[in-house]
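A structural walkthrough
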2 protein chains.
Amino acid sequence: MKITFKGDYALKAILDLALHYDSGELVTSFDLSQRIDAPIKFLEQVLLELKKGGFIESRRGNIGGYRLARVPGQITVGDIVRLVDGPSEPIACVNKDYSNCADIKKCIFKGIWQKVDQATSGIIDHITFEDLASQISINQKVLSYSI
Amino acid sequence: MKITFKGDYALKAILDLALHYDSGELVTSFDLSQRIDAPIKFLEQVLLELKKGGFIESRRGNIGGYRLARVPGQITVGDIVRLVDGPSEPIACVNKDYSNCADIKKCIFKGIWQKVDQATSGIIDHITFEDLASQISINQKVLSYSI
DNA sequence: ACATATCCGATGGGATAAGTAGGAAAGAGG
DNA sequence: CCTCTTTCCTACTTATCCCATCGGATATGT
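All residue numbers here refer to positions counted from 1 along the written sequence of the relevant chain. Naming scheme: in the order in which they are written, chains are lettered from A and ligands are numbered from 1. Local features are withheld for residues below a pLDDT of 70 in this predicted model, meaning they are given only at 70 or higher, and side-chain atom pairs are given and counted only at 80 or more; totals for whole chains, interfaces and linings count all residues. Heavy atoms throughout the structure, all of them, feed into the side-chain values; hydrogens and water do not.

1. Observations concerning the overall build of chain A
Defined as follows: Only DSSP runs of H or I reaching four residues or more are called helices, and only runs of E reaching two or more are called strands; each is numbered from the N terminus. Only protein chains enter the accessibility calculation, which uses a 1.4 Å probe; a residue whose area is less than 20% of its type maximum is buried, one above 50% is exposed, and one in between is partly exposed. Computed with a 1.4 Å probe, the accessible areas rest on the Shrake-Rupley method; for each residue, only the protein chains presented here act as cover.
Assigned secondary structure in chain A consists of seven helices and two strands. When the helices and strands of chain A are placed in sequence order, the string is α-α-α-β-β-α-α-α-α. Within chain A, buried positions represent 45% of all 147 residues. In the form shown here, chain A has an accessible surface area of approximately 8000 Å², with 51% of it arising from carbon and sulfur atoms.

2. What to know about the protein's contact with DNA strand C
As a reminder of what qualifies: We call a residue near a molecule or strand as soon as one heavy atom of that residue lies within 4 Å of the molecule or strand. Pairs of N or O atoms are called polar contacts if they sit within 3.5 Å, as long as, within protein, a hydrogen donor faces a hydrogen acceptor (for residues adjacent in sequence, only side-chain-to-side-chain pairs). Any residue outside Ala, Val, Leu, Ile, Met, Phe, Trp, Tyr, Cys, Pro, Asp, Glu, Lys and Arg is labelled polar, Gly included; the first ten of those are nonpolar and the last four are charged.
Around DNA strand C sit 27 residues in total, of which Lys41, Gln45 and Arg60 of chain A together with Ser29 and Ser58 of chain B are the nearest. Of what DNA strand C places within 4 Å of the protein, 66% of the atoms are sugar or phosphate. A distance of 3.1 Å is found between a phosphate oxygen of DNA strand C and a side-chain nitrogen or oxygen belonging to tyrosine 9 of chain A. Residue asparagine 62 of chain B places a main-chain N or O atom 3.2 Å away from a base oxygen belonging to DNA strand C. Broken down by secondary-structure element, the contributors of at least two residues to the surface near DNA strand C are helix H1 (5–19) and helix H3 (40–52) of chain A together with helix H3 (40–52), strand S1 (56–59) and strand S2 (65–68) of chain B. At five residues, the largest contribution of residues to the surface near DNA strand C is made by H3 of chain B. Its residues assigned to classes, the surface near DNA strand C comprises eight nonpolar, ten polar and nine charged.

3. Looking at helix H5 (residues 110–124) of chain B
The periodicity of an α-helix, 3.6 residues per turn, causes residues three or four positions apart to be oriented the same way. All names here are of chain B. Note the cut-off: Expected span of a helix: the number of residues minus one, times 1.5 Å. Note: the arc covers the axis-to-C-beta directions of the helix.
The end-to-end C-alpha distance of H5 is 21 Å, a good match for the 21 Å that 15 residues give at a rise of 1.5 Å each. Every buried residue of H5 is accounted for by Lys110, Ile112, Trp113, Val116, Asp117, Thr120, Ser121, Ile123 and Ile124. Down the axis of H5, the buried side of the element spans an arc of 165°, and every buried residue falls inside it.

4. Some remarks on the packing of aromatic side chains
Residue and element names in this part refer to chain A. Test applied: Here is the rule: rings of Phe, Tyr and Trp (six-membered ring for Trp) pair when centre to centre is within 6.5 Å. Planes less than 30 degrees apart are stacked, more than 60 are edge-to-face, and the remainder are tilted.
What the rule picks out here adds up to six aromatic pairs over all chains. Ring centres of phenylalanine 5 and tyrosine 9 lie 6.0 Å apart, and the angle between their planes is 75°; on these two criteria the pair is classed as edge-to-face. Of this pair, phenylalanine 5 and tyrosine 9 both sit in helix H1, four residues apart, roughly one helical turn. Residue class for tyrosine 9 comes out buried when judged on its relative accessible area of 9%. A network of ring pairs unites the aromatic residues Phe5, Tyr9 and Phe42 as a single cluster.

5. Concerning the relation of the copies chain B and chain A
Basically, it comes down to this: All copies are superposed by least squares; the fitting set is the C-alpha atoms of residues with a pLDDT of at least 70 in both. Residue contacts are counted whenever heavy atoms from the two residues lie within 4.5 Å of one another.
Between the two copies, chain B and chain A, the superposition gives an RMSD of 0.1 Å; the rotation angle is 180° and the shift along the axis is 0.0 Å. With respect to symmetry, the two chain copies, as superposed, fit the operation of a two-fold axis. For chain B, the residue whose C-alpha comes nearest the rotation axis is methionine 1 of chain B, separated from it by 2.6 Å. In this assembly the copies share their binding face: 100% of the residues contributing to the interface of chain B also contribute to that of chain A.

6. Considering the interface of chain B and chain A
So the rule is basically this: Summed over both partners, the accessible area (1.4 Å probe) lost when two parts come together is defined as the buried area. The term salt bridge refers to a side-chain nitrogen of Lys or Arg lying within 4 Å of a carboxyl oxygen of Asp or Glu.
Counting residues at the interface gives 35 residues for chain B and 35 residues for chain A. For the pair chain B and chain A, the summed buried surface comes to about 3200 Å²; carbon and sulfur atoms form 79% of the total. The interface formed by chain B and chain A includes zero salt bridges. Where chain B meets chain A, there are one residue pair in polar contact (both at pLDDT 80 or more). Listed by contribution, the elements that provide at least two residues to the side of chain B that touches chain A are helix H1 (5–19), helix H4 (77–85), H5 and helix H6 (129–146) of chain B. Sort the elements by how many residues they give to the side of chain B that touches chain A and H5 of chain B lands first, with eight residues. By residue class, the composition of the side of chain B that touches chain A is 22 nonpolar, three polar and ten charged.

7. Points about the pairing of strand S1 (residues 56–59) of chain A
Residues and elements named next belong to chain A. Formally: In short, DSSP must find at least two bridges between two strands for them to pair.
Inspection of the sheet shows S1 paired to strand S2 (residues 65–68) by four bridges, in the antiparallel sense. From the neighbouring strand, serine 58 faces S2, where its bridge partner is tyrosine 66. Turn length for the S1-S2 hairpin, with the two strands adjacent in sequence and antiparallel, is five residues, and the turn residue glycine 61 shows positive phi of about 75°.

8. Some details on the protein's contact with DNA strand D
Around DNA strand D there are 26 residues in total, and Ser29, Lys51 and Ser58 of chain A together with Lys41 and Arg60 of chain B lie nearest to it. Backbone sugar and phosphate groups make up 68% of those atoms of DNA strand D lying within 4 Å of the protein. Measuring from a phosphate oxygen of DNA strand D, one finds a backbone N or O atom of phenylalanine 5 of chain B at 3.2 Å. Between a base oxygen of DNA strand D and a side-chain N or O atom of lysine 41 of chain B, the distance comes to 2.5 Å.

9. Notes on the side chain of threonine 128 of chain A
All names here are of chain A. Mapping threonine 128 onto the fold places it in the loop between helix H6 (110–124) and helix H7 (129–146). Classification of threonine 128 as buried rests on a relative accessible area of 12%. Reaching out from threonine 128, the side chain makes a polar contact with the backbone nitrogen of glutamate 130 at a distance of 3.3 Å. If near-sequence neighbours (up to four positions away) are discounted, threonine 128 is found in contact with Pro72, Gly73, Ile75 and Thr76.

Below you can see the structure in the form of structure tokens.
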């Protein structure tokens, strides 16, 4: 599992949209890029990818923008990372068919990477953006108390 | 965690040396490259890195070669992967100091990658090349029985 | 001396990451 | 219809890494 800037932007964008989900309003790529600190033209490409992946929907033109295509509770971190940054497995051979592998020494590490992949998936596939959004609002309350 | 060819070669080379550890003999880069199916000149670079990392030692000249610098039970998969392919964390910010992070939304994913890193480390740091070598010898016995 | 190995630096092709740039297409308001 | 806004789409750039390949320098046993 390797997270690129693209993946990082995608996660932050989805989180921001999750925070605006209840309002029902559209969020522009400009506003998004400001809040998550991403170059707007690069972010546009990411948003397009997220749209094609079915996670967000958009409206063009004046008062256009983006919003989540699903409830935040039905989008996981793993969903977004896999779409944008590819599969979570650490090496290519994990999900390939190596049944005809000539030498066991060449395959003995496969089991290790499978375990790593399962452990990773066990984490990222069980965290939804509803979880993250609620974490944020809790933290913001604490913050406003401490101030 | 991303495993490159270099890391894959390194792991296989260490495993091969672990299998030859009891004999006390040196293994040449040529023999290694044949058995683990790696280009010899590339493998040489990897072996040099492993030597500088303190995992193998070498002797030059005629009847030279490589052998493990430690007992196989004291070298883990994590040791080798970290040396050759870098740290196991999925994104750079995990071990950096983000205590002065302005916006919580920019940091909320950090905890996730820390968990992923811990889970990964929990696997690769507890598998030694003694474990792997014994797995191989067991499998080879089964194989010789079935033939 | 000679054959054999490791050691070491330089170089290059290909892929990927991370943006930049420019404009086409769609939609709202006047 | 015109204009402004915003998404959509493609192409290009720049840098970095990956995966080697090559040529030779250095060490070592016979």
